[in-house]
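Take a look at the letters that make up each chain.
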Amino acid sequence: MNATIALATGVAAFVISCAAIVPLRRLALQWELTDRPSETKAHARPTPYLGGIAITLGTVVPVIAVLGFAELRIMAILLAGTAVSLVGLIDDVGPLRPVTRLVVEAAAASGVALAGVHVSTPANGWVDGGITVVWIVVMLNAFNLLDNMDGALGAVSTVTAALLGGTAFVTGHPALGLLLIALAGTSLGFLPHNWAPARIFMGDSGSLFIGFVVTCSAVFLVRGQDPGEMIAGLLLPTFVATVDTGVVFLSRVRAGRSPLIGGTDHVTHRLRRLGLSIRMAAATLGALAAMAGGCCLMMALGWISPLVTTMVAGGTAIVLIALLQGVHVYAPIEHLKAPPRIRERRR
C-alpha cells in the first residue's frame, strides 16, 4: 500500500462526509431531530444532530472499497464500530436505557477482542480480553462526553486519527493506517459544519463511533509491547478524553453532584470561563491532542523513551485535572433545584 492510495482514501472520506452533511441536516430539521438549548447545555439554538451518519459512512465506505473484507481485525473494528454507531443513532432519536447501551458496547468490544485486537499482559487469556473490553467501553464513552461544544470532538478526532494513522504506518500496520486516515478525512469534512456556530451536531452516533475506532486502534498498536509502551500507547491517543473525564468526575464528586447528570463543567466550558472563545476552546483541545499524538508517533519512531513518555503524559494529565478544578463552574448548591436526568452528550 503506497502513499497515493492512503491519500486517495482520506480525500474520498472527506468528500463523502462533506456531501452527506447537507441532506442529513435537512432530514434532521424535517423530522425535528434537533438538540434544544437548556440550562445544562452551552448552545443557544436548536441544532440538528445526524452528523454522525456522515462520519460513519465517510470512514466505512472508502476503507471497504480499498481493503475489501480480507483484513479480519480491521473489519472487526469497522463492523463493531458501525454497530455502536447505530445504537448511538437510536439513542439520538429516542433515549435508550443506559444498560442497553452498555451491553451493546461491551458486546462490540468483545467481538473486536476475539478477533485479535486486545492488550497483552503476562496473565494472557481471558484477562487480556477483560481488560481490553473495559478499556474500550470506558474510553468510547469518554469520547462521547467530549462532544460537549462546537468543534471540540471534531478537532480532536481529526488530529488524533491523522497522527495515530502515521504511527500505524511507521510500525508496519498499513491497513490500520488506512482506516485512521479515513477517519481523519471524514472528521475534517465534518468539522466546518460543526465549527462554531455549529450547523449540525454529530450526536451519539458520531461520538461513539469515533471513540470506538480510536480506542480500538490504540489497542491494536500496543499488542505485544512491554508495559511502558503499552500504557503510553493507550493513554496518548485518548489523552484529551481522559483529562476531560477526569476533570468532570473529580469536580462533581467534590461538589456532591452525581457524575451521571449532564452539565456545563467540561474542560471546554472551563476554558470559556477563563476567557477563551468557543473556537479557541476547541482549537486548544485540538492542540493538546496534536501534542499527545505527536509524542505517540515520536515514541514509535524511537525518538523518545516509552518510560519517560508514560511518566510525562501521566503527570501532565494529573496536573491538568488538578489545575482545572480551580475554575469555578457551579452555582451554590443551595440555589439549585434537583436537576432532571440529562444525557451527558448534550451541550
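Rules of the game
- Residues numbered from 1 in each chain as written.
- Predicted model: local features only at pLDDT ≥ 70, side-chain atom pairs only at ≥ 80, totals over all residues.
- Heavy atoms only, no water.
- Helix = DSSP H or I, 4+ residues; strand = E, 2+ residues; numbered from the N terminus.
- Rg over C-alpha atoms; globule rule 2.2 N^0.38 Å.
- Buried < 20%, exposed > 50% of the residue type's maximum accessible area, 1.4 Å probe, protein only.
- Contact = heavy atoms within 4.5 Å.
- 1 Å grid on protein atoms, 1.4 Å probe; cavity = no way out; pocket = protein on both sides within 12 Å on 5 of 7 lines; lining within 4 Å.
- Points joined across faces, edges and corners; volume = space filled by probe spheres on them.
- Salt bridge = Lys/Arg side-chain N within 4 Å of Asp/Glu carboxyl O.
- Axes fitted to C-alpha atoms, helices over the stretch in contact; angles between N-to-C directions.
- Left-handed = near helix turned anticlockwise from the far one by under 90°.
- Nonpolar A, V, L, I, M, F, W, Y, C, P; charged D, E, K, R; others polar.

### Details of the overall build of the protein chain
Part 1 of the argument: When helices and strands are counted, the protein chain shows 13 helices and two strands.
Part 2 of the argument: The C-alpha radius of gyration of the protein chain comes to 19 Å, within 12% of the 20 Å expected for a compact globule of 347 residues.
Part 3 of the argument: Projected onto its principal axes, the C-alpha coordinates of the protein chain cover approximately 55 × 45 × 35 Å.
Part 4 of the argument: By residue count, 52% of the 347 residues in the protein chain fall in the buried class.
Part 5 of the argument: In the protein chain, the proportion of contacts linking residues at least 24 apart, taken out of those at least 6 apart, comes to 77%.

### Focus: empty space enclosed by the protein
Part 1 of the argument: This structure, assessed with the given rule, holds one cavity of 30 Å³ or more.
Part 2 of the argument: Residue lining of the largest cavity: Phe143, Val156, Thr160, Leu236, Pro237, Thr238, Phe239, Val240, Ala241, Ala289 and Ala292, and that is the complete set.
Part 3 of the argument: Those elements that provide at least two residues to the lining of the largest cavity are α6 (152-170), α10 (239-254) and α12 (278-300).
Part 4 of the argument: The element best represented in the lining of the largest cavity is α10, accounting for three residues.

### Focus on the pattern of salt bridges
Part 1 of the argument: What the rule picks out here adds up to four salt bridges.
Part 2 of the argument: Residue arginine 101 pairs with glutamate 105 through a salt bridge whose shortest N-O separation is 3.7 Å. Of this pair, arginine 101 and glutamate 105 both sit in helix α4 (residues 98-114), four residues apart, roughly one helical turn. For the residue pair arginine 101 and glutamate 105, the accessibility class agrees, reading buried in each case.

### What about unusual backbone geometry?
Excluding glycine, residues mostly carry a negative phi; peptide bonds, for their part, are mostly trans.
Part 1 of the argument: Put simply, alanine 196 and proline 197 share a cis peptide bond, and its omega is -5 degrees.
Part 2 of the argument: Backbone geometry places glutamate 32, a non-glycine residue, at a positive phi of 60 degrees.

### Considerations on the packing of α10 against helix α13 (residues 306-324)
Part 1 of the argument: For the pair α10 and α13, interaxial distance at closest approach is 9 Å and the crossing angle is 40 degrees. α10 and α13 meet at a crossing whose hand is right-handed. On the side of α10, the interface is formed by Phe239, Val243, Gly246, Val247 and Leu250, while α13 contributes Ala313, Thr316, Ala317, Leu320, Ile321 and Leu324.
Part 2 of the argument: Partitioned by chemical class, the residues of the contact of α10 with α13 number nine nonpolar, two polar and no charged.

### Considering the environment of leucine 153
Part 1 of the argument: Here leucine 153 lies in helix α6.
Part 2 of the argument: The spatial distance from the C-alpha of leucine 153 to the C-alpha of isoleucine 318 is 21 Å, given a sequence separation of 165 residues.
Part 3 of the argument: When neighbours within four sequence positions are excluded, leucine 153 is seen to be in contact with Phe143, Leu146, Asp147, Met202, Ser207 and Ile210.

### A word on the side chain of histidine 193
Part 1 of the argument: Along the polypeptide, histidine 193 turns up in helix α7 (residues 174-194).
Part 2 of the argument: By relative accessible area, histidine 193 is classed as buried at 16%.
Part 3 of the argument: With near-sequence residues (within four places) excluded, histidine 193 lies in contact with Cys18, Ile21, Ala198, Arg199 and Ile200.

### Describing the side chain of threonine 9
Part 1 of the argument: As for its position among the elements, threonine 9 is in helix α1 (residues 3-30).
Part 2 of the argument: When residues no more than four places from it in sequence are discounted, the contact partners of threonine 9 are Pro62, Val66, Leu178 and Ala182.

### Focus: the packing of helix α2 (residues 51-67) against helix α8 (residues 203-222)
Part 1 of the argument: Remark: α2 packs on α8, axes separated minimally by 6 Å, with the N-to-C direction vectors making an angle of 40 degrees. Counted together, Gly52, Ile53, Ile55, Thr56, Thr59 and Val60 of α2 and Ser205, Gly206, Phe209 and Ile210 of α8 form the full contact between these two elements.
Part 2 of the argument: A breakdown of the residues in the contact of α2 with α8 according to their chemical character gives five nonpolar, five polar and no charged.

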